[in-house]
Amino acid sequence: MSGSFPSTAGLIVAQIRYQLLLFVRVPVGVFFTLALPLIMLVIFNALFGDVTVMTDGGEWPMRQFYTGALAVFAAVSATYTNLANMVPIRRDEGVLKRWRGTPLPTSVYVAGAVGSSVVIAAVGVVIMLGLGVVAYGLEVQADKLPAAIVTFVVGVAAFAALGMAVAALVPSASAASAVANATILPLAFVSNVFVAIQDPPRWLALIGDIFPLKPFVTSFQDAFNPLVEAPAFNWPELGFIALWGVGGAFVAVTRFRWEPSAGGTTRRRRARTPASS
Amino acid sequence: MSAINVTGLRKTYGSLVAVDDLSFEVRAGEVYALLGHNGAGKSTTIEILEGHRQRTSGEVSVLGLDPGRGGRELRDRIGIVLQTSGIEPELTIREAVGLYGSCYRRTRPIDEVVAMVGLEEKVDHRIGSLSGGQRRRIDLALGIVGRPDLVFLDEPTTGFDAAARRRSWDLVRSLCADGTTVLLTTHYLDEAEQLADRVGVMVNGSMVAEGTPDELIGAAPATVVSFVLPPDSDRGALTAALPGLGPLAAGENGRVDFRSSTPTADLHAITSWALEQGIELHSLSVHRPSLEDVFLQLSTSEQTTNGEPEDIG
């Protein structure tokens with residue numbers, strides 16, 4: 001009568017589909033994750049697209065710079081920002097606790113959340129690059145595509161892990177959204193996402209260099225930078241990003257919580273005050 | 001065979017003792033109710049049995065497994081209806097039941113589950129648009145979607161209107177007809193009286209009484225006699241005339257309640273006195289104590305002996 005459990009692969013696919021369904025039903029998430037980087041791409045290119053930008057590789061058109069940068073920004077929004085926001089919301093709602101009480105292995109739930117964020121990131125990147133090719137003369141070179149794909153995979157894996165780490169550390173959903181935005185937005189400004197920083201002050205360059213966003217952005221841009229020759233793999237940067245990812249995964253695994261902090265139990269315990277005495 | 005076996009269970013949070021040397025057994029196929037005030041330790045106990053909390057000490061076995069590390073095997077065979085747990089508000093009922101059902105080995109069809117909790121008309125509505133009572137019924141639905149051998153119901157009808165309560169009582173009864181074991185916590189005495197084969201009364205983390213509802217009521221010594229004296233009559237005269245009655249509880253508006261172990265004789269004395277005085281005793285009633293009377297008696301006497309329960313919040 002017992003039969004066997006549904007296959008893990010099937011369960012993961014079901015979880016990813018369900019997380020994607022939830023994603024498209026939260027319009028604000030769709031807007032900030034997919035629409036906003038797209039709007040920025042259009043506006044930035046309208047304003048600065050025709051100038052050229054000097055980076056380590058040499059001088060190249062700004063519109064190609066922006067396409068790669070904002071594609072990475074969309075990928076980071078889909079993984080880091082999205083997970084750091086949504087997982088604490090589900091925890092505060094008690095959804096995580098409910099899943100914890102079912103036979104679904106907890107690793108499958110996490111795989112569904114992370115996997116769906118990677119799918120959203122891929123969709124975001126493809127849309128950005130597509131617009132770049134159609135509207136802004138972005139050149140996609142086949143021999144540099146492997147580098148672009150590997151960089152994408154390493155980058156989204158690391159930022160998904162960091163998003164889960166933030167989700168594990170923050171006490172509540174409201175704190176999570178503040179922390180996620182307060183970390184990623186300033187960092188994006190010093191990481192060549194919104195502006196191509198030329199000759200930055202030392203301290204600003206240093207901040208960009210010690211966090212994993214700038215290496216992600218520059219490595220991905222290189223795959224679309226006409227001045228960089230194939231295969232365009234930046235192994236030291238990729239290793240650095242991966243290291244951050246491993247650190248994030250360690251924090252996420254060791255500090256993850258399935259229940260809202262205090263909240264429920266405090267309320268129950270507080271109710272112990274005698275009613276009739 | 002017993003579905004749940006608890007021996008010497010103890011759970012402390014720092015210096016606070018939430019569950020103290022608790023022992024009880026739930027037999028397979030029975031409905032067992034843990035009854036107590038908020039903070040009596042019911043929810044802590046049920047969450048330890050569900051595997052949501054680790055115990056401090058004691059022996060616990062659920063369907064023959066240790067819930068502390070029962071894992072997937074155990075969670076496949078139990079259904080949990082928590083007091084506080086959410087469901088993704090963006091999903092429809094059909095999607096939620098299908099999704100949560102998909103991870104069990106023996107899944108009930110969606111339509112069957114939805115019909116069991118009476119939500120057929122709402123099946124394609126988003127959960128976020130439903131009322132609190134309807135969401136509670138989805139909690140029940142998700143608790144039974146995996147055909148569990150044992151269902152935990154933590155205050156399952158809190159927030160229900162009268163009709164919804166009766167419906168979920170019927171659902172619990174139909175579950176037991178299937179042989180499903182049910183452990184429920186409640187502070188509604190009528191719920192325990194209606195549903196439970198056996199009731200355990202918890203006060204301050206300990207079991208103070210256990211038995212069938214009838215046994216618990218039968219163990220209470222006295223029948224309750226109550227009536228209302230007319231405003232102009234003299235309560236002192238009644239006490240003086242009938243010294244055998246002992247102290248009379250003075251209620252509002254002249255209401256008198258007293259416990260009697262010899263109700264026939266006492267009632268005779270009271271009515272004779274009233275006739276002599278030419279007084280009509282309004283709302284005269286003689287009734288067996290309800291589970292509520294028993295419960296209040298048990299919990300107040302226990303709290304008096306233990307002193308004030310500490311505030312742990």
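Predicted model only: the values in this text are computed from it and were never measured. (Residues numbered from 1 in each chain as written. Chains lettered and ligands numbered in written order. Predicted model: local features only at pLDDT ≥ 70, side-chain atom pairs only at ≥ 80, totals over all residues. Heavy atoms only, no water.)

**Student:** Looking at this structure, I do not really get the overall build of chain B. What am I missing?
**Tutor:** On a plain count of helices and strands, chain B comes out with eleven helices and 13 strands. C-alpha atoms of chain B, sized along the principal axes, occupy 75 × 45 × 35 Å. A buried classification covers 51% of the 313 residues belonging to chain B. Partitioning the intrachain contacts of chain B with sequence separation of at least 6 by distance along the chain shows that 70% fall at a separation of at least 24. Surface accessibility of chain B: about 13,300 Å² in total, with carbon and sulfur atoms responsible for 48%. Side-chain charges in chain B split into 29 positive and 45 negative, and the spacing between the mean points of these groups amounts to 8 Å. (Helix = DSSP H or I, 4+ residues; strand = E, 2+ residues; numbered from the N terminus. Buried < 20%, exposed > 50% of the residue type's maximum accessible area, 1.4 Å probe, protein only. Contact = heavy atoms within 4.5 Å. Areas by Shrake-Rupley, 256 points an atom, 1.4 Å probe, with all protein chains shown as cover. Lys, Arg positive; Asp, Glu negative; His and termini not counted. Charge placed at Lys NZ, Arg CZ, Asp CG, Glu CD.)

**Student:** Teacher, can you tell me more about the environment of A:Ser261 here?
**Tutor:** You can see A:Ser261 is positioned in the loop between α10 (235-255) and α11 (263-270). Take A:Ser261: its relative accessible area is 33%, and that puts it in the partly exposed class.

**Student:** Explain the sheet that holds strand β8 (residues 198-203) of chain B here, please?
**Tutor:** In a beta sheet, neighbouring strands pair by backbone hydrogen bonds and run either parallel or antiparallel. All names here are of chain B. Strand order across the open sheet formed by six strands is β5-β6-β7-β3-β8-β9, with mixed pairing between neighbours. Whereas interior strands pair on both sides, the edge strands pair on one side only; in this sheet they are β5 (78-81) and β9 (206-211). For this sheet, the mean inter-axis angle between neighbouring strands, taken without regard to orientation, is 15 degrees. Bridging between β5 and strand β6 (residues 150-154) involves four bridges; their strand directions are parallel. Residue pairing in the sheet places Ile80 in a bridge with Phe152 of β6. Together, β3 (31-35), β5, β6, β7 (181-186) and β8 form the strand contacts of helix α1 (residues 42-50), whose direction differs from that of β6 by roughly 150 degrees. (Pairing = 2+ DSSP bridges. Axes fitted to C-alpha atoms, helices over the stretch in contact; angles between N-to-C directions.)

**Student:** Can you walk me through helix α8 (residues 202-210) of chain A in this structure?
**Tutor:** Owing to its 3.6 residues per turn, the α-helix aligns residues three or four sequence positions apart on the same side. All names here are of chain A. For α8, the full list of buried residues reads Leu204, Ala205 and Gly208. All buried residues of α8 fall inside an arc of 100 degrees around its axis, so they share one side. Within α8, the exposed residues directed more than 90 degrees away from the buried face are Arg202, Trp203 and Leu206. At its buried positions, α8 is contacted by α9 (213-222). (Arc of directions from axis to C-beta.)

**Student:** Mind showing me how you'd approach the sheet that holds strand β1 (residues 2-13) of chain B here?
**Tutor:** Residue and element names in this part refer to chain B. Taken in spatial order, the three strands make up an open sheet running β2-β1-β4, and their pairing is antiparallel. Edge positions in the open sheet fall to β2 (16-27) and β4 (57-62), since each of these has one partner strand only. In this sheet, adjacent strand axes meet at a mean angle of 15 degrees when their direction is disregarded. Note: β1 against β2, eight bridges, orientation antiparallel. From the neighbouring strand, Ser2 faces β2, where its bridge partner is Arg27. Contacting β1, β2 and β4, α1 runs over the sheet at an angle of about 120 degrees to β1.

**Student:** What is the right way to look at the domain arrangement of chain B in this model?
**Tutor:** Accessible area lost upon the coming together of the parts serves often as the stated size of an interface. What the domain assignment lists for chain B is domain 1 (2-218) and domain 2 (221-287). The gap between the C-alpha centroids of domain 1 of chain B and domain 2 of chain B is 43 Å. (Domains from an automatic or database assignment.)

**Student:** Could you clarify how one ought to interpret the nonpolar core in this entry?
**Tutor:** The tendency in soluble globular proteins is for nonpolar side chains to be buried side by side. Of all hydrophobic cores here, the largest spans 65 residues; its most connected members are A:Trp99, A:Tyr109, B:Leu35, B:Ile93, B:Ile138, B:Leu153 and B:Val199. Those residues within four positions of A:Tyr109 in sequence are excluded, and the remaining contacts are A:Gln15, A:Tyr18, A:Gln19, A:Arg90, A:Val95, A:Leu96, A:Trp99, A:Leu104 and A:Trp258. Counting 54 residues, the second largest nonpolar core, distinct from the first, contains A:Val72, A:Ala75, A:Val166 and A:Val170. (Core = buried A, V, L, I, M, F, W, Y, C linked by side-chain atoms within 4.5 Å.)

**Student:** I would appreciate a short explanation of the packing of aromatic side chains in the present structure.
**Tutor:** Any aromatic ring pair is given by two values, namely how distant the centres are and how the planes are angled relative to each other. Residues and elements named next belong to chain A. Using the criterion set out here, one finds 19 aromatic pairs over all chains in the structure. An angle of 80 degrees between the planes, with centres 6.2 Å apart, marks the rings of Phe44 and Phe194 as edge-to-face. Residue Phe44 is located in helix α2 (residues 27-48), and its partner Phe194 is located in the loop between α7 (173-189) and α8; the two are separated by 150 residues in the primary sequence. By relative accessible area, which is 15% here, Phe44 ends up buried. Note on Phe194: relative accessible area 7%, which makes it buried. (Phe/Tyr/Trp six-rings, centres within 6.5 Å; stacked < 30°, edge-to-face > 60°.)

**Student:** It is not clear to me how a nonpolar patch on the surface should be interpreted in this structure. Could you clarify?
**Tutor:** Where nonpolar side chains cluster on the molecular surface, the patch consists of A:Val28, A:Phe31, A:Phe32, A:Ile39, A:Ile43, A:Leu47, A:Phe48 and A:Val51 and spans about 730 Å² of accessible area. Position of A:Phe31 relative to the elements: it lies in helix α2. (Patch = residues over 30% accessible without salt bridge, like charges linked within 9 Å, V, L, I, M, F, W, Y side chains within 5 Å. Salt bridge = Lys/Arg side-chain N within 4 Å of Asp/Glu carboxyl O.)

**Student:** How should the confidence of the model for chain A be read in this particular structure?
**Tutor:** When pLDDT drops low, the exact placement of atoms in the prediction is not to be read closely. For chain A, per-residue confidence averages 87 on the pLDDT scale, and residues scoring 70 or more make up 92% of the total. In the model, residues 263-277 of chain A has pLDDT below 50 throughout and makes 29 contacts with residues more than four positions away in sequence or in other chains. (pLDDT = per-residue confidence, 0-100.)

**Student:** Even after reading the chapter, I still don't get unusual backbone geometry, so can you show me in this structure?
**Tutor:** Among all residues except glycine, the phi angle is most often negative; among peptide bonds, the trans geometry is most common. Located in the positive-phi region is A:Ala232, a residue other than glycine, with phi close to 65 degrees. For A:Ala232, a relative accessible area of 7% gives the class buried. At B:Glu155, a residue that is not glycine, the phi angle is positive and equals roughly 50 degrees. Note on placement: B:Glu155 falls in the loop between β6 and α6 (162-177).

**Student:** It is not clear to me how the environment of A:Gln15 should be interpreted in this structure. Could you clarify?
**Tutor:** Among the structural elements, A:Gln15 can be located in helix α1 (residues 8-24). Taking the relative accessible area as the measure of exposure, A:Gln15 reaches 2% and is therefore buried. A C-alpha to C-alpha distance of 8.0 Å links A:Gln15 and A:Ala111, two positions 96 residues apart in sequence. Residues within four places of A:Gln15 in sequence aside, it is in contact with A:Trp99, A:Leu104, A:Val108, A:Tyr109, A:Gly112 and B:Leu99.

**Student:** In this structure, what is going on with the side chain of B:Thr180? I would like to understand it.
**Tutor:** Residue and element names in this part refer to chain B. With respect to the secondary-structure elements, Thr180 resides in the loop between α6 and β7. Residue classification places Thr180 among the buried positions, given a relative accessible area of 5%. With residues up to four places along the chain from it excluded, the contact list for Thr180 reads Gly29, Pro148, Asp149, Leu150, Val151 and Leu175.

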